[in-house]
Amino acid sequence: THALHMPSHIFTRVGDWTASVQSNRASAESARASIPNRLHAYDYMVYAHLQLGQEQAAAQVLGQLRAAPMNSDNFASAYAIAAMPARYALERGAWKEAATLPLNVAAEYPFWNKYPHAEAVNAYARGIGAVLIGDVAAARVEAARLGNLREDAAAAKFGYWVEQIDIQSEVVQALAMIAAGQRVEGLARLRKAADREDATEKHVVTPGPVAPARELLAYALLNGGAAAEALREFETVMAKEPNRYRTLAGAAQASRQAALPDKARDYAARLLALAAGADTSRVELADARSYLDR
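The structure contained in this document is the topic of the report that follows. (Residues numbered from 1 in each chain as written. Predicted model: local features only at pLDDT ≥ 70, side-chain atom pairs only at ≥ 80, totals over all residues. Heavy atoms only, no water.)

1. Thoughts on the overall build of the protein
Thought 1: The helix and strand tally for the protein stands at 17 helices and zero strands.
Thought 2: Whereas a compact globule of 294 residues would reach a radius of gyration of roughly 19 Å, the protein reaches 18 Å, a difference of no more than 12%.
Thought 3: By its C-alpha atoms, the protein is 55 × 40 × 30 Å across when sized along the principal axes.
Thought 4: Among the 294 residues that make up the protein, the fraction classed as buried is 55%. (Helix = DSSP H or I, 4+ residues; strand = E, 2+ residues; numbered from the N terminus. Rg over C-alpha atoms; globule rule 2.2 N^0.38 Å. Buried < 20%, exposed > 50% of the residue type's maximum accessible area, 1.4 Å probe, protein only.)

Next up, the structure:
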């Protein structure tokens, strides 16, 4: 089971999502007796499907998650249980869905409170979603929750995750500042958080960040009219997280707004190639096709 999954760590780092799906499907199918290994493979599959624009396929994997027995008191299981629905909302830009992810996880999974790194994923997604639907107060609630979870992670001696949760808290607070009109200070804070995240290694439990801080910075710049600066940040994300759907879509949009037609055409073509097997209509793909047809 684990041997079937391990190549997907490489596939993920190089952005070969189709190979990752295949590797993890085989791993999950062979892991019927091992819930942690199955859930770990499911998380990698959800991430890969979403990068390919395959929302329906990702939703099917989420359905398999919900059908699996949830009596697995395991570090990796807890992370996957939190990460999959968070990814499904954030990667699709479904901000209201992210902001309202269920809070009563502990009722369904009695072991939940042992794993603050997992609950932090829920708080992070809810915080990002809240900012992007304009509910700054709710975002600040989630930032405070992340602060408490950081202390819980320290008490549990989850050293790596103390830093990660602190970065997540900083990202949500920075986005809330930008939304509240403190743009200069918020962008500076968000940039520092992105630098911290870039300086840390990816943990083996995750295929990638739930929402890369630098990608969020790039979109904040783009939405504020700083297209050329946003493009530089998107391109920095690509160097570390190749073939991310939202990064390529953002780079295509930023290139158009910055009046860089050669780059705009290149990124539009790359996005369409990445999502050639998409199973849903996406506005970013329609925009890319329209641009290339001009």
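Next comes the rest of the description.
2. Observations concerning empty space enclosed by the protein
Thought 1: For the coordinates displayed, the defined rule picks out one cavity of 30 Å³ or more.
Thought 2: In this structure, the largest cavity encloses a volume near 60 Å³.
Thought 3: Lining the largest cavity are E197, D198, P209, P212, R214, T236, V237, K240 and E241.
Thought 4: The set of elements that each furnish at least two residues to the lining of the largest cavity consists of helix 12 (183-198) and helix 14 (227-240).
Thought 5: Looking at the lining of the largest cavity residue by residue, the classes come out as three nonpolar, one polar and five charged. (1 Å grid on protein atoms, 1.4 Å probe; cavity = no way out; pocket = protein on both sides within 12 Å on 5 of 7 lines; lining within 4 Å. Points joined across faces, edges and corners; volume = space filled by probe spheres on them. Nonpolar A, V, L, I, M, F, W, Y, C, P; charged D, E, K, R; others polar.)

3. Overview of the packing of aromatic side chains
Thought 1: Scanning all chains against the criterion turns up seven aromatic pairs.
Thought 2: Between the aromatic rings of F75 and Y115, the centroid separation amounts to 6.3 Å while the plane-to-plane angle is 85°, which identifies the pairing as edge-to-face. Linking F75 in helix 6 (residues 75-91) with Y115 in the loop between helix 8 (105-108) and helix 9 (116-132), this pair joins segments that are 40 residues apart in sequence.
Thought 3: Residues F75 and W161 carry aromatic rings whose centres are separated by 6.3 Å and whose planes lie at 55° to one another, so their mutual orientation is tilted. Taken together, the residues F75 in helix 6 and W161 in helix 11 (residues 159-179) connect sequence positions 86 residues apart.
Thought 4: F75 sits in the partly exposed class, given a relative accessible area of 25%.
Thought 5: In this structure W161 comes out as buried when scored by relative accessible area, which is 7%.
Thought 6: It is R246 that lies over the ring of Y219; its NZ or CZ is 4.7 Å from the centre. (Phe/Tyr/Trp six-rings, centres within 6.5 Å; stacked < 30°, edge-to-face > 60°. Lys NZ or Arg CZ within 6 Å of the ring centre and 35° of its normal.)

4. A closer look at unusual backbone geometry
Thought 1: The phi torsion at K157 lies on the positive side, around 60°, for a residue other than glycine.
Thought 2: Tracing the backbone shows K157 in the loop between helix 10 (136-155) and helix 11.
Thought 3: Its relative accessible area of 73% is what places K157 among the exposed residues.
Thought 4: Positive phi values are uncommon outside glycine, yet N243 reaches one of about 65°.
Thought 5: Mapped onto the elements of the fold, N243 is located in the loop between helix 14 and helix 15 (245-257).

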